[in-house]
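Structural description and commentary
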Amino acid sequence: MKKNLFLGLIAVLFSFILTSCEKDSQTDTAPTDEKINPVSQFVYDGMSTYYLWANEVVNKKPTVADADPEAYFYRILNSTDSQHGWSWITDDVDALMADFSGESLSFGYVLSFYLIGNDPYAYIKYVYPNTPAAKAGLQRLDFIGKLNDVKLSTVQRNEDTYISDRDYNLLYGNSAVKFTTYKLSGTTLVQDKEVTITPDKTPKDPVIYSNIYTIGEKRIGYLFYADFVDDFDYRLYEVFDAFKTDEITDLVLDLRYNHGGAVTSAIYLSSMIAPRTAVENKSPFIVMNYNDLLNRSFDKWYNEAAEADKYKYDRKDYLGTYTSSNKNPLDVNLDLKQVYIIATGDSYSASELTTFCLKPYMEVVHIGNKTGGKYAASWTLHAYDTLPDENGNIRAVPIYDKNELTSEEQQSLKNWAMQPIVAKYTDKDGFDFSATDGLIPNPEISEGPYYEWKPIGDLKDKLLGQAIYLITEDESYKPATAATRSISAKTIKVKNDADIAAPLRLNDVKLTPEDFNRLRDLQK
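Residues numbered from 1 in each chain as written. Predicted model: local features only at pLDDT ≥ 70, side-chain atom pairs only at ≥ 80, totals over all residues. Heavy atoms only, no water.

**Quick notes on helix α12 (residues 292–304)**
Between its terminal C-alpha atoms α12 stretches 18 Å, which fits the 18 Å expected from 13 residues at 1.5 Å a residue. Here α12 has its buried residues at L293, L294, N295, S297, F298 and W301. Buried residues along α12 sit against α2 (38–50), β13 (284–289) and α17 (513–523). If you check the start of α12, you find a side-chain oxygen 3.1 Å away from the backbone N of L293, and it comes from N291. (Helix = DSSP H or I, 4+ residues; strand = E, 2+ residues; numbered from the N terminus. Expected span 1.5 Å × (residues − 1). Buried < 20%, exposed > 50% of the residue type's maximum accessible area, 1.4 Å probe, protein only. Contact = heavy atoms within 4.5 Å. Polar contact = N/O pair within 3.5 Å; in protein donor to acceptor, adjacent residues only side chain to side chain.)

Given below as structure tokens:
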């Protein structure tokens, strides 16, 4: 506050100024009942310790003005993270866990969107078995043109075309919807059927399709795998058991639309594919690189820990390891020297990890085009709960001791969870693919425009056909260049691609509030 230093002021004026200063001073120093939002404090505590870019967060402590935890969370993110949309926060942790386990409320389809002529359509890429969409007869290659008898529509945002909020909310909402579907006939879309479907929480089995093709002397196993969901690891075991029983000679793993998921599922799947010796020896498969504090601390604690506790701090993951709820992957291991993996720009995270980290052990033939480029890993942070599943598997890293929180704080924090980037992964030799921002096959081959797509498992599919051609050298399976059709189509975006942006999920982390406190002490 400015002070009046002029000596010639009259006493009344001087007295008035002193009185005003006293009032201002009392206002500036008076105690306040305002407190920092406990969820914002949780965001800061977790991010300033475990976040890959924690050093950028340390000096961004929340204030009483940060009453919106979600806004505060996104404000403190690293620019690369923000650009990719990797990290996120939710106030519905139950829905997050349901989504991770494949049991979220949905119709059971996966869509892409096209503007054909002047009309927008949702195009079904695949349908999960036994879901409402599957039971209603919806299938791959169906077009959805109307919802509740109203044509789909678009909006413009930043010069891009998006599906409208109304259509998005119906297609991914929680209410029954009347669908009008269409089929492609030549170059024309013709109406096929009308059906009303109600979404539900039917578990979404990521094993969409498997088959064994006998071509000459080759017995080729094929698996179309949609998500790395650890609750369905048993389905992988069943498929590979059939492959092993039928003594397949080659394997085609189709991850063309797989956006990733749990690291334990990636290790489990890879342990069925990799050379048997590497799996028996529990050879290193992945190396996690955390922030500097975590790397130094984990390495130190690993060396100091008792043998039974070393796994908690080990930055490596190993082939041949599996959870207690799964069967030994060695029992169905194919002992292959080569695998053909279909991966595209719609393949991310655990799909890329599987493709990349198998390469030091065997020949990986990548068929498709450049992958999405998600080389980062995350884990779920909750304020005080490990969020165990029905089998007791830990699904979240808690940072506070629940007993040290008041009941009011527990209630405020109960439904919140973060999924921050905590690491970048490499293969066993320390190599990654961040420089290319995705895996690049040589040569690249595209699935083609939507009118060239085939049903999953159809040998006329361009990507599967290319794999069969490389395995058998039979020219009849080699994809041919299709004749150009006079169909005008433009890709439409959707407002929420959080599932696409999802990084590799570290889902078996055993860190405790005591570990968190040790790390915080080291930061001081």
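**Considering the packing of α12 against α17**
Axis separation between α12 and α17 bottoms out at 11 Å; the angle between their running directions is 120 degrees. Comparing the axis directions of α12 and α17 gives the class oblique. Crossing handedness for the pair α12 and α17: right-handed. Facing L293, L294, S297 and W301 of α12, the residues of α17 in contact are D515, R518, L519, L522 and Q523. A breakdown of the residues in the contact of α12 with α17 according to their chemical character gives five nonpolar, two polar and two charged. (Axes fitted to C-alpha atoms, helices over the stretch in contact; angles between N-to-C directions. Parallel < 35°, antiparallel > 145°, perpendicular 65-115°, else oblique. Left-handed = near helix turned anticlockwise from the far one by under 90°. Nonpolar A, V, L, I, M, F, W, Y, C, P; charged D, E, K, R; others polar.)

**Comments concerning helix α13 (residues 350–357)**
Burial within α13 is extensive, with eight of its eight residues counted as buried. Taken residue by residue, α13 has A350, S351, E352, L353, T354, T355, F356 and C357 as its buried positions.

**Examining the side chain of D142**
Mapped onto the elements of the fold, D142 is located in the loop between α7 (132–135) and β4 (143–147). In terms of polar contacts, D142 uses its side chain to reach the side chain of K183, at 2.4 Å.

**Considerations on the sheet that holds strand β11 (residues 218–225)**
Two modes of strand pairing occur in sheets, parallel and antiparallel, and in both the strands are linked by backbone hydrogen bonds. An order of β10-β11-β12-β15-β16 is seen for the five strands of this open sheet, with the pairing classed as mixed. At either margin of the open sheet sits one strand with a lone partner, and together these are β10 (207–215) and β16 (363–368). The sheet shows a mean angle of 20 degrees between the axes of neighbouring strands, direction not considered. Across six bridges, strand β15 (residues 338–343) lies against β16 in parallel orientation. Residue pairing for β16: I341 is matched across the bridge by H366. (Pairing = 2+ DSSP bridges.)

**Some thoughts on the packing of aromatic side chains**
Counted under the stated rule, the structure contains 38 aromatic pairs. Between Y126 and F224 the ring centres are 5.6 Å apart and the planes differ by 70 degrees, which places this aromatic pair in the edge-to-face class. You can see Y126 sitting in strand β3 (residues 119–127) and its partner F224 sitting in strand β11, a full 98 residues away along the chain. One exposure class covers both Y126 and F224, and it is buried. Put simply, the rings of Y114, Y121, Y123, Y126, Y128, F143, Y182, F224, Y257, Y450, Y451 and W453 pair up and form one aromatic cluster. Over the aromatic face of Y162 sits the side chain of R157, whose NZ or CZ is 5.2 Å from the ring centroid. Across from the ring centre of F100, 4.1 Å away, lies the NZ or CZ of R505, which sits over that ring. (Phe/Tyr/Trp six-rings, centres within 6.5 Å; stacked < 30°, edge-to-face > 60°. Lys NZ or Arg CZ within 6 Å of the ring centre and 35° of its normal.)

**Things to note about the nonpolar core**
If you look at the biggest cluster of nonpolar residues, it comprises 92 residues, and the most contacted ones within it are Y50, F240, I273, W379 and L506. The greatest single-element share of this core, amounting to seven residues, is contributed by helix α10 (residues 263–273). With near-sequence residues (within four places) excluded, I273 lies in contact with F240, L251, L253, N333, D335, L336, V339, L358 and M362. Core analysis: the second largest hydrophobic core is formed by 34 residues, Y123, I220, V365 and W453 among them. (Core = buried A, V, L, I, M, F, W, Y, C linked by side-chain atoms within 4.5 Å.)

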